[in-house]
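Residues per chain, in single letters:
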Amino acid sequence: MTKKHRAFLKWAGGKFKLVEELSKHLPKGQRLVEPFVGAGSVFLNTDYDEYLLCDINQDLINLYQIVQQQPEAYITAAKAMFVADMNNKEAYYRIRADFNLSRDPFTRSVYFLYLNRFGFNGLCRYNRKGGFNVPFGSYKKPYFPEAEIRYFSEKAQKATFKCIGYEGAFGLANDGDVIYCDPPYAPLSTTASFTTYAGPGFSLDDQALLARHSRHTAHKRNIPVLISNHDIPLTRELYRGAKLATIAVQRNISQKGSSRNKVDEIMALYDHHYFDDEVY
């Protein structure tokens, strides 16, 4: 098996564990378009000639562009933060406050990795005013992902990064492209709230609109679209007309508590070859 490459960011809902299974469902094409790039595990573990990687989180896109264009300067500055003196609450909250005040993309990118690795659970969360508000994580010795940053930078020579919403990303797709969508997942119940990654949350209306965009893009423009989400009745209804497959999420049978929230993943492929005309 080829070596799997880890993202250099910790990320809620990252696809590292599922990437081999997921890749089996991705059609061939010249360029992969990702409207929700997140930590980039699918980008790092697929082999397209080109990539268009999009996200609405400006900090994430700035970080990726800096790692793409000036990896050595970035590694030197970021590595200096990964020292024992910086692994305490006082230092963390000072950097978090400085991050929220800074408007300099390079400084924010260096602080972003520090906050990602020293903050609680690698969460990326902002308050309504746009302030990063994840608490301190209390880890013994956070890992500095130098090798992962270098690999990302090398692979990123094939990529273009854009801070745009998913509609904008769909609009930039062309013949020969494949689109992979990894949106914030649908809640498991209507009362479940889910983390706001950047700006307003991804509502059920957004889930439905994304499905419609995907269906339209495949049917009218012949550009295949693969979406991953929780495998629940809601998503099966939303993705009617797509070719559906399930990826079983590994469960640890003995630990009943931990298996409760693990739900299988659904892969919905919209491709003009598979359409059921009755849906239209």
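Refer to the structure presented above.
Residues numbered from 1 in each chain as written. Predicted model: local features only at pLDDT ≥ 70, side-chain atom pairs only at ≥ 80, totals over all residues. Heavy atoms only, no water.

Draft legend 1. Up close: the environment of Pro224. Counting through the fold element by element, Pro224 comes out in the loop between helix 9 (204–221) and strand 5 (225–230). The class for Pro224 is buried, based on a relative accessible area of 12%. Taking the C-alpha atoms as reference points, Pro224 and Asp177, separated by 47 residues in sequence, lie 7.6 Å from one another. (Helix = DSSP H or I, 4+ residues; strand = E, 2+ residues; numbered from the N terminus. Buried < 20%, exposed > 50% of the residue type's maximum accessible area, 1.4 Å probe, protein only.)

Draft legend 2. Representation of the nonpolar core in the model. Judged by nonpolar contacts, the single largest core of 57 residues is most densely connected at Leu9 and Tyr64. Of the residues forming this core, the biggest block, 7 residues, is contributed by helix 6 (residues 105–118). The residues touching Tyr64, leaving out its near neighbours within four places in the chain, are Phe8, Leu9, Val37, Gly38, Ala39, Gly40, Phe152 and Phe161. Residues Phe36, Ala169, Tyr239 and Ile266 belong to the second largest nonpolar core, which totals 23 residues. (Core = buried A, V, L, I, M, F, W, Y, C linked by side-chain atoms within 4.5 Å. Contact = heavy atoms within 4.5 Å.)

Draft legend 3. Summary view of helix 9. The end-to-end C-alpha distance of helix 9 is 25 Å, a good match for the 26 Å that 18 residues give at a rise of 1.5 Å each. The inward-facing, buried residues of helix 9 abut helix 8 (166–171), strand 4 (177–181), strand 5, helix 10 (233–238) and strand 7 (265–270). One or two residues past the end of helix 9 sits Asn222, with phi positive at roughly 60°. (Expected span 1.5 Å × (residues − 1).)

Draft legend 4. Broad picture of the packing of aromatic side chains. The tally for this structure, following the rule as stated, stands at 21 aromatic pairs. One aromatic cluster in this structure is built from Phe8, Phe43, Tyr48, Tyr51, Tyr64, Phe152 and Phe161. Between the NZ or CZ atom of Lys4 and the centre of the ring of Phe16, over which it lies, the distance is 4.2 Å. A cation over a ring is seen here: Arg108 above Phe99, with NZ or CZ 4.1 Å from the ring centre. (Phe/Tyr/Trp six-rings, centres within 6.5 Å; stacked < 30°, edge-to-face > 60°. Lys NZ or Arg CZ within 6 Å of the ring centre and 35° of its normal.)

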